[in-house]
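Tertiary structure, described
This is what each chain is made of:
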Amino acid sequence: MRRRHLAHLFLMPAALLFVAPLVWMVLTAFMPDSDINTYPPKLWPEHFTTAGFARIFTEDDYPLWLANTVIVAVAAVAGHVVLCSLAGYGFARLSFRGRGLTFGALMATIMVPTQVLMIPTFLLFKNMGLIDTLGAAIVPWLASAFGVFLMRQFFLSLPKELEEAATIDGCSRLGVFFRVVLPLARPALATLVVFTLLGAWNDLLWPLIAISSEDSYTLQLGLATFSGARHTEWSALMAGNVVAVLPLVAAFVLAQRHFVATMSFSGLKG
Amino acid sequence: MTVFAAQVSGRRRARRLLPDLTGWGFVLPATLVIVGLSLFPAVWALLLSLRDGDLLTGGEYVGLQNYRDMLGDTELAAAAGHTALYTVLFVPGSVVLGLALALALNLKIRLIGFYRTCFFVPYVVSAAATGILANFVFDPDFGIVNAGLKALGLPATGFLQDPGQAMLTLVVISIWGGVGMPAVVYLAALQDIPRELVEAARVDGGVGRHVLRHVVLPQLRPATVFLLIWQTITALQLFDLVYTTTKGQPLDSTTTIVFYLYRQAFQLFHSGYGTAIAYVLFLVTLAISGAVLWRSAR
């Protein structure tokens, strides 16, 4: 009993310290710049306003960057869900020549960091005419070795009997996959979607290299340059932050139940 | 007779071909993407690192010259030093704090969902958004942190604009944004430890501290190994937060290896040299991961 009270004594201040900057970010987004640029800074909006939001959605290319990022994120999630679960199922359940070697080769690439890949990928995309288009931001996110690994581990943990029953009933392999296996994979797919969304939505280094014209900017690229241009217009900057962060917070809160559970079967936890 | 034999062997081949085709049909699309954008560039990068390319042309073959140049590059050595300082503070800091939070959260207390969300939400905030927020909060003249220090009667400091403090400030910001991952991984691992094990140790007269050290921590070992490797890789690749806060300044005190690599390859167009730096960073990462795994296996 005493230990639990002590735990709250440690956890409550720590938790408040962790969310305080984000709460303040939201509050600042609703303050006029005259309230923000005072010293000491105001913690609570005295004059509540949505001018910061109005400004980013009318004066800047922000809506365009948001749309670009939504396109990249949707393509990334769709690509991962379809390609990684198909491949994960293939490697887990189907036997074909070259399976072990191919899976091994894919898994070896997990260790290779982006920094090694980005210069050759830049040259490759330049030859393909993809550089400085939204396509350059999308293509690398269509599938990943980590996604294939995650889905394979999940399919290995499913009992085989379900699929066998469906096969006997005359379903094709693809039919079994879409009608029986994929609906069961919802917790793993939730994890895959959250990790993919997190990576694709927040990616900065690759868009920074591959995209140079503002029309094709992603949200993160826009925010990174925006902060220099709108130097002291904090309400607009914070409004931009709030809109950029909100979808991910929502996705995390919706999926957190699933991915704590997923960590156990993927072997990530002890 | 021969027609019959041909039919049989044809059918047999078809019987082997069909599973092959089905299997490859499932795995081929993802395999093409990953081989094309990971395996192939990884090999190409090795060849590029042996040339003096300028990002437009491949350049001349120079053998190991790029790797030799790295040895005498004092700016690279400084960047490696900054990265090492960051890694040495961030990895233990985030793993130990993550463990402490997970141990407290595992006491089956109320509000666990609230706490878990508080600690994990900063993890989903992008480096670009974190950068804007950090510049605001740690502003030496108008920032809330200095206002707080002043209210406590302490002197104001420069934080991200002070060469002596900028890297330490980045460590603090990174721990804020990065501790959620170890906390969640440890919490999941703690919930897997059989209750009987801990209770038996208590019955045998174990004090809390000893139960933690001799029963709980050994059970968490696989999680610790995974987290040490994962956080080290993350730390060695630090770029985004530097780009969105200090851009390597003040006085180059926050120039990390990847930031230096980015500048070499994409601003000075030394793509061959940049790839060589990336490859060495990759090998260092592999060596550290290998060392952690080897030590934990003993």
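What you see is a predicted model; the values in this text were computed from it and never measured.

A few words on the overall build of chain A. Scanning chain A from terminus to terminus reveals 14 helices and zero strands. Counting from the amino terminus, helix and strand elements in chain A follow one another as α-α-α-α-α-α-α-α-α-α-α-α-α-α. Over its C-alpha atoms, taken along the principal directions, chain A stretches across nearly 70 × 65 × 35 Å. The contacts in chain A between residues at least 6 apart in sequence include a share of 75% that link residues at least 24 apart.

Scanning chain B from terminus to terminus reveals 14 helices and zero strands. Overall, chain B shows an N-to-C arrangement of helices and strands of α-α-α-α-α-α-α-α-α-α-α-α-α-α. Compactness check: chain B gives a C-alpha radius of gyration of 26 Å against a globular reference of 19 Å for 298 residues, more than 25% above the reference. For chain B, the spread of C-alpha atoms along the three principal axes comes to 100 × 65 × 35 Å.

Once that is clear, we can look at the environment of alanine 78 of chain A. As for its placement among the helices and strands, alanine 78 of chain A is situated in helix H4 (residues 62-93). Sequence spacing of alanine 78 of chain A and alanine 143 of chain A is 65 residues, and the spatial spacing of their C-alpha atoms is 9.3 Å.

In this assembly, 73 residues from chain A lie in contact with 75 residues from chain B. Here the residues of the side of chain A that touches chain B sort into 52 nonpolar, 15 polar and six charged.

Here we take up the packing of helix H8 (residues 145-157) of chain A against helix H11 (residues 186-202) of chain A. Residue and element names in this part refer to chain A. One can describe the packing of H8 onto H11 by two numbers: an axis separation of 10 Å at closest approach and a directional angle of 170°. Considered as vectors, H8 and H11 are oriented roughly antiparallel to each other. The crossing of H8 and H11 is right-handed. Residues Gly147, Leu150, Met151 and Phe154 of H8 pack against Ala188, Thr191, Leu192 and Thr196 of H11. Here the contact of H8 with H11 is composed, by residue class, of five nonpolar, three polar and no charged.

For the rest of this paragraph, the subject is the domain arrangement of chain B. Segmenting chain B into domains produces domain 1 (1-48) and domain 2 (69-297). Distance between the C-alpha centres of domain 1 of chain B and domain 2 of chain B: 42 Å.

For residues that are not glycine, phi is negative in most cases, and the peptide bond is trans in most cases. Residues and elements named next belong to chain B. For the bond from glutamine 249 to proline 250, the omega torsion is -15°, close enough to zero to count as cis. With respect to the helices and strands, the residue proline 250 is situated in the loop between helix H12 (240-244) and helix H13 (257-267). The phi dihedral of phenylalanine 159 is positive, around 50°, even though this residue is not glycine. Here phenylalanine 159 shows up in the loop between helix H6 (144-151) and helix H7 (166-178). Judged by C-beta crowding, with 23 C-beta atoms within 10 Å, phenylalanine 159 ranks as buried. In this model, leucine 251 sits at a positive phi of 50°, which is unusual for a non-glycine residue.

Within the largest apolar cluster, 156 residues are counted, with the highest numbers of intra-cluster contacts made by Ala87 and Val148 of chain A together with Ala30 and Tyr186 of chain B. Both domain 1 (1-48) and domain 2 (69-297) of chain B contribute no fewer than three residues apiece to this core. Among residues more than four places away in sequence, those in contact with alanine 87 of chain A are Val148 of chain A together with Phe26, Val27, Ala30 and Thr31 of chain B.

Analysis parameters
- Residue numbers restart at each chain and count upward from 1, following the sequence in its written direction.
- Chains and ligands are labelled sequentially in the order written, the chains with letters from A and the ligands with numbers from 1.
- With pLDDT at 70 or above as the cut-off, local features in this predicted model cover only qualifying residues; side-chain atom pairs require 80 or more to be listed or tallied, and sums for whole chains, interfaces and linings still use all residues.
- The helix count covers DSSP runs of H or I at least four residues long, the strand count covers runs of E at least two residues long, and both are numbered beginning at the N terminus.
- Contact definition: two residues whose C-beta atoms, as placed from backbone geometry, lie within 7 Å.
- Between the two quantities, the radius of gyration covers C-alpha atoms and the globule rule is 2.2 Å times the number of residues to the power 0.38.
- Under the convention adopted here, Pro, Cys and the residues Ala, Val, Leu, Ile, Met, Phe, Trp and Tyr are nonpolar, Asp, Glu, Lys and Arg are charged, and Gly plus all remaining residues are polar.
- Here the axes come from fitting lines to C-alpha atoms, over the contacting stretch only for helices, and the angles between their N-to-C directions go from 0 to 180 degrees.
- Any angle that is under 35 degrees is reported as roughly parallel, and any over 145 degrees as roughly antiparallel; angles of 65 to 115 degrees are reported as roughly perpendicular and all others as oblique.
- A crossing counts as left-handed when the near helix is turned anticlockwise from the far one by less than a right angle, and as right-handed when that turn is clockwise.
- Those domain boundaries reflect an automatic or database domain assignment.
- Remark: C-beta atoms are placed from the backbone, and a residue is labelled buried if 20 or more other C-beta atoms sit within 10 Å of its own, exposed if 12 or fewer do, or partly exposed between those counts.
- Connectivity within a nonpolar core runs through C-beta atoms within 7 Å, and the core itself is a set of buried Ala, Val, Leu, Ile, Met, Phe, Trp, Tyr and Cys residues.

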